[in-house]
Amino acid sequence: MDDEVSMTPPAATSPRALATEAVHAGRDDLASLGLHAPPIDLSTTYPSYDSRAEAMRIDAFATTGARPDGPPVYARLDNPTTGRFETALARLEGAESAVAFASGMAALSAVLLARASQGLRHVVAVRPLYGCSDHLLGAGLLGTEVTWTDPAGIADAIRPDTGLVMIETPANPTLAEIDIRAVAHACGSVPLLVDNTFATPVLQRPLEHGARIVLHSATKYLGGHGDVLGGVVACDEAFAATLRQVRFATGGVLHPLAGYLLLRGLSTLPVRVRAASASAVELVRRLTADPRVARVHYPRIGGAMISFEVYGDPHRVIAGVRLITPAVSLGSVDSLIQHPASISHRIVEEGNRRASGVGDRLLRMSVGLEDVEDLWADLCQALSDGPLPSARPTGQPVEASAAR
C-alpha cells in the first residue's frame with residue numbers, strides 16, 4: 001500500500017526574507033483550508049447559540065483587549081480578513097502585533113487616546129510631520145498637549161505626564177531624516193512612535209532601532225494602488241490590546257474589503273518600492289542638474305518620494321503636468337505631485353510650516369511605476385516656464401543622495 005501523503009503543509013522552520021513574508025504572511029493557513037486566495041468575510045455580526053459563553057468572551061475582551069478565541073463576535077470587535085492583514089504587517093515590521101484602523105489619522109487618534117486614558121496626555125514631537133498629524137497634536141482636539149522640539153531637545157522636553165514621543169522619518173514633505181536609535185535612547189521609558197509611511201518596512205524597521213510603536217497610513221504604500229483607505233499600528237501585544245479596546249469603543253474599524261486590499265497590496269510592496277525607488281534616484285539626478293530647480297531633497301535611506309524647490313511658480317508646475325497626477329496622497333503605482341504649502345500642510349500655521357522647511361516653492365512628488373523617461377519628459381515640459389538662472393545662488397545647495 002502506498003504511503004499516505006499529509007495534506008497539512010509543513011510549518012516554516014527558519015526566518016523568511018521580507019519579500020517572502022510579504023507574499024505569505026497572513027496566508028499560512030490557506031492551503032489547509034483548501035484555499036489559494038484569502039477569503040473576504042463581510043459579516044457585521046456572527047451567530048452564537050450559547051449566550052452565556054458569548055458573554056464570557058465579551059467580558060474577557062473588555063478586561064484584556066486580546067483577540068477573542070473562536071469565531072468572531074461582532075465586526076467592530078474583530079474581523080478575520082482584517083486580522084490577516086494585521087498579522088502580515090506585524091511580521092513585516094518585526095512586531096508582536098498590529099492593529100488596523102479606518103485611516104492613518106484614526107490610528108494616530110487611537111494611540112493618543114490610549115495614552116491619555118492612562119493620564120499621559122503630553123506628547124513630545126519633532127516637525128515636520130504630516131500636516132493633519134501636526135494639527136491633531138497642536139489643536140488639542142483629543143485633549144493632548146504637545147511640546148515641539150528638535151531631536152536634540154527631546155530628553156529635556158519629557159515630563160512626568162509625557163505619554164509619547166513622535167517623529168516621522170523620512171519626514172513629510174521635506175524628507176528630513178532622524179536617527180531613530182539616538183531618539184529612542186533620549187526617550188528613556190517613554191514610548192517612541194515612528195511614522196514609517198514613507199519608508200515602509202522595505203527600507204526601515206523602526207522597532208529594530210528602539211522605537212516602540214510604528215504608525216502607517218496604509219492608504220499609501222501598503223495599499224499601493226490609490227483605492228483603499230486604512231491605517232495600522234505595529235507594537236507589542238500589551239499596547240495592541242489597549243488599542244483594540246479603543247477601536248471597539250470609538251468605532252474606527254477597518255472595513256474587511258479594505259483589509260483584503262491591503263493584504264493584497266503587501267504582497268507586491270517590496271517589488272513596488274524598489275522599482276519606484278530606482279526611478280526616483282534617476283529623477284533626482286536629473287532634477288539636481290536642472291537649472292530651473294533650486295534644491296532637491298532626497299533621503300539617504302532612499303525611497304520613491306522626492307521633494308524639490310523651483311525658481312519659478314510651483315503652481316504652474318502643478319498645472320502643467322499631463323502624465324503625473326496633480327493630487328494629494330502618495331505611494332500609488334502612478335506618480336503624484338502636490339504643493340504641500342497649499343494642500344497637505346496648509347492646516348499648519350504658516351510660521352511653523354516655514355520653520356520646518358515647508359516653503360512656498362516646495363513640491364512633493366511620489367514616484368510611481370511609469371517609465372522614467374516618460375516621467376522626466378512630463379516634468380521637463382511642466383518646468384519649461386520657469387526661469388533659467390545661470391547658477392544656483394549661494395546657500396541653495398542640492399540636498400540629495402543616491403538610494404542604498
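Conventions and cut-offs
- Residues numbered from 1 in each chain as written.
- Predicted model: local features only at pLDDT ≥ 70, side-chain atom pairs only at ≥ 80, totals over all residues.
- Heavy atoms only, no water.
- Buried < 20%, exposed > 50% of the residue type's maximum accessible area, 1.4 Å probe, protein only.
- Helix = DSSP H or I, 4+ residues; strand = E, 2+ residues; numbered from the N terminus.
- Pairing = 2+ DSSP bridges.
- Axes fitted to C-alpha atoms, helices over the stretch in contact; angles between N-to-C directions.
- Contact = heavy atoms within 4.5 Å.
- Arc of directions from axis to C-beta.
- Polar contact = N/O pair within 3.5 Å; in protein donor to acceptor, adjacent residues only side chain to side chain.
- Phe/Tyr/Trp six-rings, centres within 6.5 Å; stacked < 30°, edge-to-face > 60°.
- Lys NZ or Arg CZ within 6 Å of the ring centre and 35° of its normal.
- Salt bridge = Lys/Arg side-chain N within 4 Å of Asp/Glu carboxyl O.

Peer 1: A description of the pairing of strand β6 (residues 213-217) should follow, citing residues and the corresponding values.
Peer 2: For a regular strand, side-chain orientation follows a simple rule: the groups alternate between the two sheet faces. Counting buried positions along β6 gives five out of five residues, so the element sits mostly inside the fold. Of the two faces of β6, the one holding Ile213, Leu215 and Ser217 and the one holding Val214 and His216 are both buried throughout. In this structure, strand β5 (residues 192-195) lies alongside β6, joined through three bridges in parallel fashion. Bridge pairing links Asp195 to Leu215 in β6. Where β6 lies against strand β7 (residues 231-235), four bridges are found, and the strand directions are antiparallel. Each bridged residue has a counterpart across the sheet, and for His216 the counterpart in β7 is Val232.

Peer 1: Kindly report on the sheet that holds β6, identifying the contributing residues and their values.
Peer 2: Spatial strand order, β1-β7-β6-β5-β4-β2-β3: seven strands in an open sheet with mixed pairing. The open sheet terminates on both sides in strands that have one partner only, identified here as β1 (97-101) and β3 (145-148). Averaged over all pairs of adjacent strands, the angle between strand axes in this sheet comes to 20°, irrespective of strand direction. Sheet topology places strand β2 (residues 122-125) next to strand β4 (residues 162-168); four bridges connect them, and they run parallel. Residue pairing across strands places Val123 opposite Leu164, the latter belonging to β4. Along the sheet face, helix α3 (residues 80-93) touches β1, β6 and β7 and points at about 130° away from the line of β1. Relative to β5, helix α7 (residues 180-187) is tilted by about 155°, and along the sheet it contacts β4 and β5.

Peer 1: Let's hear about the sheet that holds strand β10 (residues 325-326): which residues, and what values?
Peer 2: Sheets are built from strands that pair by backbone hydrogen bonding, the pairs being arranged parallel or antiparallel. Taken together, five strands build an open sheet; the order of strands is β8-β9-β12-β11-β10 and the sheet is mixed. Of all the strands in the sheet, just β8 (293-297) and β10 have a single pairing partner and so form its edges. Where strand β11 (residues 336-338) lies against strand β12 (residues 362-366), three bridges are found, and the strand directions are antiparallel. Of the residues in β12, the one forming a bridge with Leu336 is Ser366. In the packing of helix α11 (residues 269-289) onto the sheet, the strands contacted are β8, β9 (305-310) and β12, and the crossing angle to β9 comes to about 15°. Helix-sheet contacts for helix α14 (residues 372-383) involve β8, β9, β11 and β12, and the interaxial angle to β9 is about 20°.

Peer 1: Any details on α7? Residues and values, ideally.
Peer 2: Structural remark: α-helix, 3.6 residues per turn; residues separated by three or four positions point the same way. Restricting attention to buried positions, one finds in α7 the residues Ile180, Val183, Ala184 and Cys187. Along the long axis of α7, the arc covered by the buried residues comes to 100°, so they all point the same way. The inward-facing, buried residues of α7 abut α6 (154-157), β4 and β5. The opening residue of α7, the one whose side-chain oxygen lies 3.1 Å from the backbone nitrogen of Arg181, is Asp179.

Peer 1: Can you break down unusual backbone geometry residue by residue, with the values?
Peer 2: Each neighbour pair has its own omega, and for Arg127 with Pro128 the value is 0°, a cis peptide bond. Relative to the helices and strands, Pro128 is located in the loop between β2 and α5 (131-139). Omega for the bond connecting Thr169 with Pro170 falls within 30 degrees of zero, at -10°, which places this linkage in the cis form. Relative to the helices and strands, Pro170 is located in the loop between β4 and α7. Positive phi is not limited to glycine here, since Thr200 has a value of about 65°. Looking at where Thr200 falls in the secondary structure, it is placed in helix α8 (residues 200-203).

Peer 1: Tell me about the packing of aromatic side chains, and name the residues and values.
Peer 2: Scanning the model with the defined rule gives one aromatic pair in all. Summarising the aromatic geometry, the rings of Phe61 and Phe248 are spaced 5.7 Å apart at their centres and angled 80° between planes, so their arrangement reads as edge-to-face. Within this pair, whereas Phe61 is found in helix α2 (residues 51-64), its partner Phe248 is found in helix α9 (residues 237-250), the two being separated by 187 residues in sequence. Over the ring of Trp148 we find Arg127, and its NZ or CZ is 3.8 Å from the ring centre. In this structure, Lys220 packs its charged tip against the face of Tyr130, placed 5.9 Å from the ring centre.

Peer 1: Account for the pattern of salt bridges, naming residues and giving values.
Peer 2: Counted by the stated rule, this structure contains 19 salt bridges. The closest approach of N and O atoms between Arg205 and Glu208, which form a salt bridge, is 2.6 Å. For Arg205, a relative accessible area of 24% corresponds to the partly exposed category. For Glu208, a relative accessible area of 46% puts it in the partly exposed group. A salt bridge links Glu237 to Arg244; the shortest N-O distance between them is 2.9 Å. Classification of Glu237 by relative accessible area gives partly exposed; the value is 28%.

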